[in-house]
Amino acid sequence: MNLQPLEDRIVVRPAEAEETTISGLVIPDTAKEKPQQGEVLAVGPGRRAESSCELIPLDIGVGDSVVYSKYGGTEITVDGEDLLILSSRDVLAKSVAGGKKKK
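The structure contained in this document is the topic of the report that follows. (Residues numbered from 1 in each chain as written. Predicted model: local features only at pLDDT ≥ 70, side-chain atom pairs only at ≥ 80, totals over all residues. Heavy atoms only, no water.)

Another point: the overall build of the protein. Each helix and strand counted, the protein has zero helices and eight strands in total. Each helix and strand of the protein, ordered N terminal to C terminal, gives the series β-β-β-β-β-β-β-β. When each of the 103 residues of the protein is scored for burial, the buried share is 25%. Long-range contacts, defined as pairs at least 24 residues apart, comprise 62% of the intrachain contacts of the protein with a sequence gap of at least 6. Taken as a whole, the protein presents about 7400 Å² of accessible surface, with 52% of it coming from carbon and sulfur. (Helix = DSSP H or I, 4+ residues; strand = E, 2+ residues; numbered from the N terminus. Buried < 20%, exposed > 50% of the residue type's maximum accessible area, 1.4 Å probe, protein only. Contact = heavy atoms within 4.5 Å. Areas by Shrake-Rupley, 256 points an atom, 1.4 Å probe, with all protein chains shown as cover.)

Here we come to the pairing of strand 7 (residues 81-87). Two elements, strand 1 (residues 9-14) and strand 7, share four bridges in a ladder whose sense is antiparallel. Among the inter-strand pairings, valine 11 is bridged to a residue of strand 7, identified as isoleucine 85. As defined by bridge partners, strand 6 (residues 74-78) adjoins strand 7 across five bridges and the pair is classed as antiparallel. Paired with valine 78 across the bridge in strand 7 is glutamate 81. (Pairing = 2+ DSSP bridges.)

Considering all chains together, one arrives at seven salt bridges under this definition. Between aspartate 8 and arginine 89 there is a salt bridge, and its shortest N-O distance comes to 3.6 Å. Separated by 81 residues along the polypeptide, aspartate 8 in the segment before strand 1 and arginine 89 in the loop between strand 7 and strand 8 (91-95) bring together distant segments of the chain. Overall, the relative accessible area of 4% leaves aspartate 8 in the buried class. Its relative accessible area of 58% is what places arginine 89 among the exposed residues. As a salt-bridge pair, glutamate 39 and arginine 13 come within 3.1 Å of each other at their nearest N and O atoms. With a gap of 26 residues between them, glutamate 39 in strand 2 (residues 37-43) and arginine 13 in strand 1 connect regions that are remote in the sequence. Of the residues examined, glutamate 39 reaches a relative accessible area of 33% and is grouped as partly exposed. Residue classification places arginine 13 among the partly exposed positions, given a relative accessible area of 32%. Here the salt bridges share partners, and the residues they tie into one network are Glu7, Asp8, Arg9, Arg47 and Arg89. (Salt bridge = Lys/Arg side-chain N within 4 Å of Asp/Glu carboxyl O.)

Attention shifts here to the environment of proline 5. Checked against the element boundaries, proline 5 lands in the segment before strand 1. Separated by 80 residues in sequence, proline 5 and isoleucine 85 place their C-alpha atoms 7.7 Å apart. When near neighbours in sequence (up to four residues on either side) are disregarded, proline 5 contacts Ile10, Val11, Ala42, Val43, Gly44 and Pro45.

With that settled, consider the side chain of aspartate 8. Of the polar contacts made by the side chain of aspartate 8, one reaches the side chain of arginine 47; its length is 3.3 Å. Aside from chain neighbours lying at most four places away, what touches aspartate 8 is Gly46, Arg47, Leu58, Leu86, Ser87, Ser88 and Arg89. (Polar contact = N/O pair within 3.5 Å; in protein donor to acceptor, adjacent residues only side chain to side chain.)

Purely geometric stuff here, so don't read any function into it on its own.
Okay, structure coming up:
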């Protein structure tokens, strides 16, 4: 993927929607809920502070799994893959790749 997000935006590969219920019923495409989590593929450099113009980096890194707002972001297709561009404000939580904590 040759896509670099700007400012405080991130590119996310949404998780696949559930195909069946726990009891085994198949969910039709029209009834599937949009996933609200995914894997971070690219991260912008961060946003500039209004007063000092200092760059404020993001707390999100490539490979992190994130949970985001249900209707946040812009859907795009790159190389046949459906992706989502989100503002960092749309990200509600993250889990660090591999279970390691960032310092």
